[in-house]
Amino acid sequence: MRVAAGTGSDSIDGTTVGEVLAAANERFGDDFAEVAKICGVWVNGEPAGPDDPVVDSDEVALLPPVSGG
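None of the values given here were measured: they were computed from a predicted structure. (Residues numbered from 1 in each chain as written. Predicted model: local features only at pLDDT ≥ 70, side-chain atom pairs only at ≥ 80, totals over all residues. Heavy atoms only, no water.)

1. What to know about the pattern of salt bridges
Inclusion rule: Put simply, a salt bridge is a Lys or Arg side-chain nitrogen that is within 4 Å of an Asp or Glu carboxyl oxygen. To qualify as a helix, a DSSP run of H or I must reach at least 4 residues; to qualify as a strand, a run of E must reach at least 2; elements of each kind are numbered from the N terminus. Throughout, exposure labels follow a simple rule: accessible area from a 1.4 Å probe, protein chains only, divided by the maximum for the residue type, with under 20% read as buried, over 50% as exposed, and the rest as partly exposed.
Enumeration over the complete set of coordinates arrives at 2 salt bridges. Two residues, Arg27 and Asp10, come together in a salt bridge whose shortest N-O distance is 2.8 Å. With Arg27 in helix H2 (residues 17–28) and Asp10 in the loop between helix H1 (2–5) and H2, this pair connects stretches of sequence that are 17 residues apart. Overall, Arg27 belongs to the partly exposed group, its relative accessible area being 46%.

The structure is reproduced here in C-alpha cells:
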C-alpha cells in the first residue's frame, strides 16, 4: 500500500470507513484502488467494514493479504 500510495500515512477526511477509502482511492489513483480492493481494513487495530464510523483520531489501516508457510 505504501508503494501504491507513495506514502506510509496520510490524513483523509470521512465519517465512515467507506468514505475514507473512497477519498483515498481518489487521492492516490487507480493503482492504489486496485490493491485496496483485496486488503483487509482495520480501524484502531480492529477489523472494520465500510459502514463503520470513524473520527479524526482513528487510524484506518489497509492490510494486504499475506501467505504463510
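2. Some words on the nonpolar core
Convention followed: As used in this record, nonpolar core signifies buried Ala, Val, Leu, Ile, Met, Phe, Trp, Tyr and Cys residues forming a set joined through side-chain atoms within 4.5 Å. It only takes one pair of heavy atoms within 4.5 Å for two residues to be counted as in contact.
By size, the foremost hydrophobic cluster in this structure holds 12 residues: Ala5, Val17, Val20, Ala24, Phe28, Phe32, Ala36, Cys39, Val41, Val43, Val54 and Leu62. Top contributing element to this core by residue count: H2, with 4 residues. What Ala5 contacts, discounting residues up to four positions off in sequence, is Phe28 and Phe32.

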